[in-house]
Amino acid sequence: FNSHCTKPGASMYRRQFQESLPEVFERVVEVCDGLSPLAASALRDRSLGMVRAWSEWSTFSPQFTRGLEATLCCRGCQRPGAEPPTSAEKTTGEAVVAPQLLQRLQQWRSATDHSSLERACRLRGLPTLARAQPPKPPTAAAAKELVERLCAFETYWFEKDPPRDVV
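The structure presented is a predicted model; accordingly, all values stated were derived computationally and were not measured. (Residues numbered from 1 in each chain as written. Predicted model: local features only at pLDDT ≥ 70, side-chain atom pairs only at ≥ 80, totals over all residues. Heavy atoms only, no water.)

*Asks:* In this structure, what is going on with the overall build of the chain? I would like to understand it.
*Replies:* Looking only at helices and strands, the chain features seven helices and zero strands. Across the chain, helices and strands are ordered from the amino to the carboxyl terminus as α-α-α-α-α-α-α. Here the chain, with 167 residues, has 36% of them falling under the buried criterion. For the chain, contacts bridging at least 24 residues in sequence account for 71% of all contacts bridging at least 6. Summed over all atoms, the accessible surface of the chain reaches about 10000 Å², with 55% contributed by carbon and sulfur. (Helix = DSSP H or I, 4+ residues; strand = E, 2+ residues; numbered from the N terminus. Buried < 20%, exposed > 50% of the residue type's maximum accessible area, 1.4 Å probe, protein only. Contact = heavy atoms within 4.5 Å. Areas by Shrake-Rupley, 256 points an atom, 1.4 Å probe, with all protein chains shown as cover.)

Right under this line is the structure:
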């Protein structure tokens, strides 16, 4: 692997590769949606194997690879376009949300700075919307989608690896 390669230009190649991965993984999810369940599962498993190898090799930060995994596997979680759970849902019994997760989701929902949300997505390996050509000015809808992605990340990892005091 070239994460520690000393060849000239290798770090720039890796950085550019890393910048495109969140959108590539989002595209893999879209492709999986158009495949048979068996083929989609095989593609998802192979992609996850690659993410795990990158994680073992320390090619990318753990937080970044966790975001790539969340993008691939977040079927039952919050997906962009769906409303995140609210504290009212917590009491209805329809969707029970642990207080620790609810606090994390509320933290993202209260964030208003678009550039901070975008940076948080980039650090977590989540698609940002900044790759549009030509670049579009930040909008409330774009910020909401970034929040939804961050909430999906938090929900996926909370469910997959809950804090010890929640179990």
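That covers the picture; the talk isn't over yet.
*Asks:* I tried to follow helix α3 (residues 62–73) on my own but got confused; where do I start?
*Replies:* Given 3.6 residues per helical turn, the α-helix brings residues three or four places apart onto the same face. Between its terminal C-alpha atoms α3 stretches 16 Å, which fits the 16 Å expected from 12 residues at 1.5 Å a residue. Those residues of α3 lying buried are Phe-64, Thr-65, Gly-67, Leu-68, Glu-69, Ala-70, Thr-71 and Leu-72. Turning to α3, the residues buried within the fold contact α1 (10–33), α2 (37–57), α6 (114–123) and α7 (140–160). (Expected span 1.5 Å × (residues − 1).)

*Asks:* Any chance you could explain the packing of helix α5 (residues 99–110) against α7 here in plain terms?
*Replies:* Two quantities define a packed helix pair, namely the angle between the helix axes and the distance between the axes. Closest axis-to-axis distance for the α5/α7 pair is 9 Å, and the angle between their directions is 165°. Compared by their axis directions, α5 and α7 come out roughly antiparallel. Where α5 crosses over α7, the two elements pack in a sense that is right-handed. In contact with Gln-100, Leu-101, Arg-104, Leu-105, Trp-108 and Arg-109 of α5, α7 contributes Val-147, Leu-150, Cys-151, Glu-154, Thr-155 and Phe-158. (Axes fitted to C-alpha atoms, helices over the stretch in contact; angles between N-to-C directions. Parallel < 35°, antiparallel > 145°, perpendicular 65-115°, else oblique. Left-handed = near helix turned anticlockwise from the far one by under 90°.)

*Asks:* It is not clear to me how unusual backbone geometry should be interpreted in this structure. Could you clarify?
*Replies:* In this model, Ser-58 sits at a positive phi of 60°, which is unusual for a non-glycine residue. Topologically, Ser-58 is positioned in the loop between α2 and α3.

*Asks:* Explain the confidence of the model for the chain here, please?
*Replies:* Detailed conclusions should not be drawn from predicted coordinates in areas where pLDDT is low. When pLDDT is averaged across the chain, the result is 82; 78% of the residues are at 70 or more. Contacts from residues 78–82, a stretch scored under 50 in pLDDT, to residues over four places away or in other chains number 16 contacts. Between residues 84–94, whose pLDDT stays under 50, and residues either more than four places distant or in other chains, the model counts 20 contacts. (pLDDT = per-residue confidence, 0-100.)

*Asks:* Would you mind showing me how to read the environment of Cys-73 here?
*Replies:* Locating Cys-73 in the fold gives a position in helix α3. Using a relative accessible area of 21% as the deciding quantity, one classes Cys-73 as partly exposed. C-alpha separation for the pair Cys-73 and Leu-48, spaced 25 residues apart in sequence, amounts to 8.8 Å. Setting aside its immediate chain neighbours within four residues, Cys-73 contacts Leu-48 and Tyr-156.

*Asks:* So what exactly am I meant to see when it comes to the packing of aromatic side chains here?
*Replies:* Two aromatic rings are characterised by how far apart their centres lie and by the angle between their planes. In this structure the tally under the stated criterion is six aromatic pairs. A ring pair is formed by Phe-60 and Phe-64, whose centres lie 5.3 Å apart and whose planes are at 45°; its orientation type is tilted. Residue Phe-60 is classed as buried on the basis of its relative accessible area, which comes to 6%. Centre to centre, the rings of Tyr-156 and Trp-157 are 5.1 Å apart; their planes meet at 90°, and the pair counts as edge-to-face. Exposure remark for Tyr-156: the relative accessible area of 9% places this residue in the buried category. Taken together, the ring pairs connect Tyr-13, Phe-17, Phe-25, Trp-54, Phe-60 and Phe-64 into an aromatic cluster. Above the plane of the ring of Trp-157 lies Arg-66, whose end atom (NZ or CZ) is 3.9 Å from the centre. (Phe/Tyr/Trp six-rings, centres within 6.5 Å; stacked < 30°, edge-to-face > 60°. Lys NZ or Arg CZ within 6 Å of the ring centre and 35° of its normal.)

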